[in-house]
2 protein chains.
Amino acid sequence: MSVYTSVSESALADWLRRYSLGELVELKGIAAGITNTNYFVTTTHGRYVLTLFEVLKLDELPFYLELMSHLARHGVACPAPVADHTDAFASLLEGKPACLVSCLAGGDVAAPSPVQCRAVGEMLAQMHLAGATYRRKMDNPRGPAWWSKTAEALYDKMPVVDAAMLREEVHYQDSHRFTHLPSGVIHADLFKDNVLMDGDKIAGFIDFYYACNDFLLYDVAIALNDWARRNDDDIDSDRARALIEGYQSVRPFSADEVKAWPVMLRAGALRFWVSRLLDFYHPADGELTFIKDPGVFQRLIAHHRDRTDFWL
Amino acid sequence: MSVYTSVSESALADWLRRYSLGELVELKGIAAGITNTNYFVTTTHGRYVLTLFEVLKLDELPFYLELMSHLARHGVACPAPVADHTDAFASLLEGKPACLVSCLAGGDVAAPSPVQCRAVGEMLAQMHLAGATYRRKMDNPRGPAWWSKTAEALYDKMPVVDAAMLREEVHYQDSHRFTHLPSGVIHADLFKDNVLMDGDKIAGFIDFYYACNDFLLYDVAIALNDWARRNDDDIDSDRARALIEGYQSVRPFSADEVKAWPVMLRAGALRFWVSRLLDFYHPADGELTFIKDPGVFQRLIAHHRDRTDFWL
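Under an unreviewed UniProt entry, the name given to chain A is Homoserine kinase, and the source organism is Crenobacter oryzisoli. Of chain A, the UniProt comment under Catalytic activity (unreviewed entry) reads exactly: "L-homoserine + ATP = O-phospho-L-homoserine + ADP + H(+)". The Pathway (unreviewed entry) comment attached to chain A in UniProt states, word for word, "Amino-acid biosynthesis; L-threonine biosynthesis; L-threonine from L-aspartate: step 4/5."

What follows is the structure, given as structure tokens:
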């Protein structure tokens, strides 16, 4: 359930006068999303998704909303934020920062085919190319400095064997840092539930609120770690290769990226292992129902240590 | 037929690599539009309209394409231009300035209902509100100075009675100029064939290549003169009132606008009477097949002189 903030029809109808979108016809809560409140809003002009931000502040939103607008303007499949009469993408509604974005077709897939993985890889590369002209910058708040510091607060709470493995992984990443890889704006959370598929086509990448500037290859690793991950948390080779092939059909990897790939696959897993461990050992108030199994990424890293068949 | 410039699939496939739109699937000429060449372009990502500009130059396009992008970003129904990897909306293809815009549903209607006229009025007002934050400016190249000068070159060629009426109209407009009316960016050519309707909804305003800065009320007059015009070139009162009502549901007219309305209705007709007379008496090479009857607007002005039932 993702309606934390209740929006009244009359408050929304008033707020909609900020926009060129016609009159309110229907308002309907959306039961998806963890950190924000989402509604479907139908007006006389069309259908939109209303998001009320429960954590992000109004002045933190431009990076994300202008990024989505920039990408949509370049034909990358993603929701396009709608600007109001003051040319702003967000303003307060029911006391929360709120925005409207275009409503996309499609839905997420639990068991993607290699063809769908290929489409995700291709669109991700298109997103990276289109992002090259995006002017705002955002450091990755969950990079190596973050996971090293966060891990320090976890070792004592974890079983000894797991803590040892986590230490090893943090150390492995520390000793394999790269400075010359192509970088740019990345989605940083392109899991299956953040892509709407319409059959084998990408209807849209969604939920850009972890987007930041980092290595493009890291984004590919994060996506592959979810899209090609089997139920036993090992990687499906066909799906992995399809995603890589789709990506390279648009942007072939450089020699440096080919070399960095095995490390990046583990970095993409480590970041989520650490965040899930954090949620597990230090849950925020009222978030218990959303805690996801950190073991998924621990097992995935163990597999990555052995596998070489989908290296570049 | 509106394919003046032939585009080869191989040239287009190359050109499409400038964009994040996937691979070319199909290219198909569009038999509509007078001054530009239009194609439907289907790629692996979606369907777009390709326009090659036969008259406008590359450096003249930003005003129009950025306007469409601005309006689409505000939720106004119109095609959204797609930006390429250099962040440009247009570049040369087959030696002509060319752009891609999103493909809209719907089609134009020959005999609109009052409900459809209301929707056009409402969307036009939304467009005027959304246009308020558009930064580029363009003087109206077909304003009073243009029609006065153009008429001078026509009087001698026209039958005496018609020339006398044209002189009267030009003089009438000269003696009723306004300086305090709300102004902004206007479509300036919102005829029925420049609106795609999807049932009773506006799928999109198209063909913004006469857009400019002028009185908002003038835009309403131009639209009404076509949307509410009957086959006998008089005005259908129901359709006229519906369009006005739709417009005012979003932006009520000021007292000055109410006063100016009868003059503006005739100004909106005079501009097209003069341009059609110009095409008729001074046709450009090869444009003979497109000449439209100037008498339509002469008869319309005659009716406007008598009618008061849809004054504001």
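That shown, we press on.
*Asks:* Could you give me a rundown of the overall build of chain A, with the residues and numbers involved?
*Replies:* Each helix and strand counted, chain A has nine helices and nine strands in total. Over its C-alpha atoms chain A spans a radius of gyration of 20 Å, differing by no more than 12% from the 20 Å that the globule rule assigns to 312 residues. Overall, chain A is about 60 × 45 × 35 Å in size when its C-alpha atoms are taken along their principal axes. Taken over 312 residues, chain A has a buried fraction of 54%. A sequence separation of at least 24 residues applies to 74% of the contacts in chain A between residues at least 6 apart. With an accessible surface of roughly 13200 Å², chain A has 53% of that area assigned to carbon and sulfur atoms. Computing the positive centroid from 31 side-chain charges and the negative centroid from 42, chain A places the two 2 Å apart.

*Asks:* For the interface of chain A and chain B, give the residues involved together with the corresponding values.
*Replies:* On the chain B side, the residues contacting the 28 residues of chain A number 28 residues. Considering only the side of chain A, the residues that lose the most area to chain B are Arg-73, His-74 and Asp-87 of chain A, jointly responsible for 27% of the buried surface there. Counting across the interface, chain A meets chain B through two salt bridges. Residue Asp-87 of chain A pairs with Arg-73 of chain B through a salt bridge whose shortest N-O separation is 3.0 Å.

*Asks:* I'd love a proper account of the packing of helix α6 (residues 216–227) of chain A against helix α8 (residues 255–281) of chain A, names of residues and values included.
*Replies:* Residue and element names in this part refer to chain A. Across the interface, α6 lies against α8 with an axial gap of 8 Å and an inter-helix angle of 55 degrees. Between α6 and α8, the angle falls in the class oblique. Seen from above, α6 lies across α8 with right-handed handedness. In contact with Leu-217, Tyr-218, Val-220, Ala-221, Ile-222, Leu-224 and Asn-225 of α6, α8 contributes Glu-257, Ala-260, Trp-261, Met-264, Leu-265, Ala-267, Gly-268, Ala-269, Arg-271 and Phe-272.

*Asks:* Tell me what's going on with the relation of the copies chain A and chain B, and back it up with residues and numbers.
*Replies:* Once chain A is rotated about the relating axis by 180 degrees and shifted along it by 0.0 Å, it coincides with chain B to within an RMSD of 0.0 Å. Both chain copies can therefore be described as sitting about a two-fold axis. Within chain A, Arg-73 of chain A has its C-alpha nearest the rotation axis, a separation of 4.4 Å. Comparing contact sets, 100% of the residues at the interface of chain A also lie at the interface in chain B, consistent with an isologous, same-surface contact.

*Asks:* With reference to specific residues and values, describe the packing of aromatic side chains.
*Replies:* Residues and elements named next belong to chain B. Summed over the entire model, instances satisfying the criterion amount to 22 aromatic pairs over all chains. Aromatic side chains Phe-191 and Phe-272 sit 4.6 Å apart centroid to centroid with 55 degrees between the ring planes, which places their arrangement in the tilted category. Highlighted residues: Phe-191 in the loop between β6 (183–186) and β7 (195–198) and Phe-272 in helix α8 (residues 255–281), separated in sequence by 81 residues. Take Phe-191: its relative accessible area is 8%, and that puts it in the buried class. Relative accessible area serves as the criterion here: at 6%, Phe-272 is assigned to the buried category. With a centroid separation of 5.0 Å and an interplanar angle of 85 degrees, the aromatic rings of Phe-280 and Tyr-281 are classed as edge-to-face.

*Asks:* Explain unusual backbone geometry to me, and be specific about the residues and the numbers.
*Replies:* All names here are of chain A. A positive phi angle is found at Asp-87, which is not glycine, with a value near 75 degrees. By secondary structure assignment, the location of Asp-87 is in the loop between α2 (61–73) and β4 (90–93). Even without being a glycine, Asp-207 presents a positive backbone phi close to 60 degrees. Residue position: Asp-207 is located in the loop between β8 (201–205) and β9 (212–215).

*Asks:* Describe the domain arrangement of chain A, listing the residues and the values that go with them.
*Replies:* Residue and element names in this part refer to chain A. Each assigned domain of chain A is listed with its residue range as follows: domain 1 (9–102) and domain 2 (114–306). Here the C-alpha centre of domain 2 lies 27 Å away from the C-alpha centre of domain 1. A buried area of about 1900 Å², summed over both sides, lies between domain 1 and domain 2, and 74% of it is on carbon and sulfur atoms. Here domain 1 is connected to domain 2 by one salt bridge. Put simply, Arg-136 and Glu-66 hold a salt bridge, and the shortest N to O gap is 2.7 Å. On inspection of domain 1 and its partner domain 2, the count reaches six residue pairs in polar contact (both at pLDDT 80 or more).

Parameters and conventions
- Residues numbered from 1 in each chain as written.
- Chains lettered and ligands numbered in written order.
- Predicted model: local features only at pLDDT ≥ 70, side-chain atom pairs only at ≥ 80, totals over all residues.
- Heavy atoms only, no water.
- UniProt positions renumbered as here; feature names shortened; annotations may be inferred.
- Helix = DSSP H or I, 4+ residues; strand = E, 2+ residues; numbered from the N terminus.
- Rg over C-alpha atoms; globule rule 2.2 N^0.38 Å.
- Buried < 20%, exposed > 50% of the residue type's maximum accessible area, 1.4 Å probe, protein only.
- Contact = heavy atoms within 4.5 Å.
- Areas by Shrake-Rupley, 256 points an atom, 1.4 Å probe, with all protein chains shown as cover.
- Lys, Arg positive; Asp, Glu negative; His and termini not counted.
- Charge placed at Lys NZ, Arg CZ, Asp CG, Glu CD.
- Buried area = accessible area lost by both parts, 1.4 Å probe.
- Salt bridge = Lys/Arg side-chain N within 4 Å of Asp/Glu carboxyl O.
- Axes fitted to C-alpha atoms, helices over the stretch in contact; angles between N-to-C directions.
- Parallel < 35°, antiparallel > 145°, perpendicular 65-115°, else oblique.
- Left-handed = near helix turned anticlockwise from the far one by under 90°.
- Least-squares fit on C-alpha atoms with pLDDT ≥ 70 in both.
- Phe/Tyr/Trp six-rings, centres within 6.5 Å; stacked < 30°, edge-to-face > 60°.
- Domains from an automatic or database assignment.
- Polar contact = N/O pair within 3.5 Å; in protein donor to acceptor, adjacent residues only side chain to side chain.

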